[in-house]
Every structure is written in C-alpha cells, then in structure tokens.
Amino acid sequence: MAVLVGGLIGTLLSLLSADFERHALFDTWQRAAPREISTDNVAVVLIDSLSLDAVGSWPWSRYYIARLVESIAIQQPDAIAFDMVFAEPDALNPLAFTSLYPELDAQTRQTVNRLPTMDQVLGQVIGSSPILLARLGVPRDGIDPALLLVDPHVAGTPPADTLRTDQVLTSIPELDDVALAHAMVNGPSDHDGIVRRVPLSVIVGDRPMPGLAVEAARLSLGAEQLEWRGSRLLIGEMELPADETGSLPLRLGRIPEAAVYSAAELLAGKVTSDAFAGKVVIVGLGAEGTADIVATALDKNIFGVLLQAQAVDAILEEGWVSRPD
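Here we summarise the structure given alongside this text.

Quick notes on the rules
Residues numbered from 1 in each chain as written. Predicted model: local features only at pLDDT ≥ 70, side-chain atom pairs only at ≥ 80, totals over all residues. Heavy atoms only, no water. Phe/Tyr/Trp six-rings, centres within 6.5 Å; stacked < 30°, edge-to-face > 60°. Buried < 20%, exposed > 50% of the residue type's maximum accessible area, 1.4 Å probe, protein only. Pairing = 2+ DSSP bridges. Helix = DSSP H or I, 4+ residues; strand = E, 2+ residues; numbered from the N terminus. Contact = heavy atoms within 4.5 Å. Axes fitted to C-alpha atoms, helices over the stretch in contact; angles between N-to-C directions. Salt bridge = Lys/Arg side-chain N within 4 Å of Asp/Glu carboxyl O. 1 Å grid on protein atoms, 1.4 Å probe; cavity = no way out; pocket = protein on both sides within 12 Å on 5 of 7 lines; lining within 4 Å. Points joined across faces, edges and corners; volume = space filled by probe spheres on them.

Scanning the model with the defined rule gives 6 aromatic pairs in all. Seen from their ring centres, Tyr 63 and Tyr 64 are 5.3 Å apart, and the 85 degrees between their planes marks the pair as edge-to-face. The class of Tyr 63 is partly exposed, set by a relative accessible area of 37%. The class for Tyr 64 is partly exposed, based on a relative accessible area of 33%.

As structure tokens, then:
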C-alpha cells in the first residue's frame, strides 16, 4: 500500500510539475552548450539609440527608411526583412505637413501637396528590393485575411495546436502591396515568460501564413513554397521538425557583435561594402522605449529582432533542437 500510494503521489507531482521540470532541464542544457552562430548567414540592422540621436525620435519619416533599404539592397542580400509593421501613413507626407500650417498661401500649399509622399518613395524602393514585410495577427481591428495576398502558399495541414488569430495587421497598402513577401511576427512565450521556440506558421482565419524566420530562410534558399507534411514543414528539400504547436524549438546562441550594425552607421556610409551580400538582413528596433524585448534561457532581456535572426540562422544551419530517438 505504501508503494502504491507513493507511486500515485509521484505520478501526480510529475503531472503537475512536468513542464517546469522539462523547461528547467532544457534551459540548463542551453546555458551549458549554447549554439555557435557565425556571421555567414544573417546580419541585423538596429535602429538603436545612436540612430535616434542621429536622425531623430521614432517613428522616422519613410524617407530615412527608404535610404536605409537602398544602402542595404545595393549589396545584393538574399532578403531584407523588417521586424516591424508600418501600419500608418508617414506623418510628414505633404498633405499632413501643410495641414499643420493654415497660414500658408494657396500657391505654396498646392506646390507642397503635389510633391510625392514619403510612402510613395519608400514603396518604389521596396518594389525594387527583396523585401519581406511583417504582419501581426490580432483578434480585432485588423484586416480580414481572406482579402490579403498570401505569398507564398503554405500547403498541407499545420499541426492541430498551431497558433491561431482572427485578423491581421499589415503595413499600409502602398508598402504591403509591393513587397516581395510577407510573414507573421507573432511568437508567444511559454507560460513562464521564456521564449524557447518560433512559430513556423500562424493560422489567420482559416489561412496558414509563414512565420518571419522561416519565410526569410525560404527566400535565402530560393525555395518556391512551404508545405506541411504531418509534423514537419518542408522548405524545398529541407524538413523542419515542429512541436504540437507548429513551432520550431530553438537551440539558442548569441548573434555575434560583428553581425549587428547600427542604422546610423549605415546611413553615414560607415559599413563595409560586403557586409550584407548573400545574407538575410533583418531590420528592427533596438532603442530603449521602442524595442520589442523578450526573455530566453540565455538572456533575460534581448531584442526580439536578435531572436528572429537566431531563428533564421538555426533554420539555414539546421541548428534546431531535436529529441533523440
């Protein structure tokens, strides 16, 4: 009887604390053997405090974003991914600018209003560059996914517990409509607030859309589409293992400092001419008060864009976590 009761108590404790025990052990292994990440596959451009000092407070005029894209694109990267959504028009577009000055005479107002908008300027640059724009799944006040162009098509059936959302927040049409590709940036943490995996796809309405990291990797590999086969996602000939949520468990590391660039340095022409060639370049926020901050087993506070960069590199190098047979 004592053995039976002890066994039942042990089973109950195991069921109640299994996630905690698994996470604790998983995180210990991560800290004991972090993954080595090179500078070969991915580069990060941070809009950091130095950038805000040089250009001004965020959000910037789209003019500076366009110049930033041009400075990266001229080096012929595989893809330029934005870990942000441009959901509103530029606040410094001509009509918005002239509305601030009612004392302007009619001729001056007409002259300024005829100027191209900064959104049009950025749209032209995006249309001629390998740009991946972010989309964000939201429960309401977004766009019906049935109205959106989904590229690429995600074939097959995602795992049953894949992250779902009803609507999607996109960049304004002048930008979203001309981008080469689009991907979701939703990536919830585990119950303890630690991020250990990235979604390979997100179901918006009834349509699966790729996660940012896997779509950036697809562009780098030149694969035509993504396809779910059971619990695996295919990118061309590569198979990514997924957990029950359709996410890829990451073996964590740290992006080398040599692969991280300040947007201020790039705009000032202080980045070498071969920094981005043949790589995935991810642009994101990295300044206090503006950045997306997450926690991992290795870092209590890390910019979300750096985690996305890790995930891209993990996919390209097959550096994910897998459970031994």
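Here 4 strands make up an open sheet; going across it, the order is β4-β11-β12-β13 and the pairing mixed. Strands with a single pairing partner mark the edges of an open sheet, and in this sheet they are β4 (154-155) and β13 (238-241). Inspection of the sheet shows strand β12 (residues 232-235) paired to β13 by 4 bridges, in the antiparallel sense. Bridge pairing in β13 links Ile 235 to Met 238. Here helix α8 (residues 212-221) sits on the sheet in contact with β11 (226-229), β12 and β13, set at roughly 35 degrees to β12.

Glancing now at α8. Most of α8 sits out of view: 8 of its 10 residues are buried. Listed in full, the buried residues belonging to α8 are Leu 212, Ala 213, Val 214, Glu 215, Ala 216, Ala 217, Arg 218 and Leu 219.

Across all of its chains, the model carries 13 salt bridges by this definition. The partner of Arg 35 in a salt bridge is Asp 313, with the nearest N and O atoms 2.9 Å apart. Of the two residues, Arg 35 is situated in the loop between α1 (2-32) and β1 (42-48) and Asp 313 in helix α10 (residues 304-316); the sequence distance between them amounts to 278 residues. Judged by relative accessible area, Arg 35 falls into the buried class, the value being 10%. We note a salt bridge from Asp 119 to Arg 62, for which the minimum N-O separation is 2.6 Å. Of this pair, Asp 119 sits in helix α6 (residues 118-127) while Arg 62 sits in helix α3 (residues 62-73), and the two are 57 residues apart along the sequence. In this structure, Asp 119 and Arg 62 share a single accessibility class: buried.

Our focus in this paragraph is the environment of Ala 309. By secondary structure assignment, the location of Ala 309 is in helix α10. Residue Ala 309 is classed as buried on the basis of its relative accessible area of 0%. When the C-alpha atoms of Ala 309 and Leu 68 are compared, they prove to be 18 Å apart, with 241 residues separating the residues in sequence. Setting aside anything within four residues of it in sequence, one finds Ala 309 in contact with Val 42, Val 44, Ile 255 and Ile 282.

Which parts of space are left empty comes out when a probe the size of a water molecule is rolled across the atoms. When its volume is computed, the second largest pocket comes out at roughly 810 Å³. Lining the second largest pocket are 42 residues, and of these Asp 83, Met 84, Val 85, Leu 285 and Asp 292 sit closest to its centre. For the lining of the second largest pocket, the elements supplying multiple residues, two or more each, are α3, β8 (197-199), α8, β16 (280-286) and α10.

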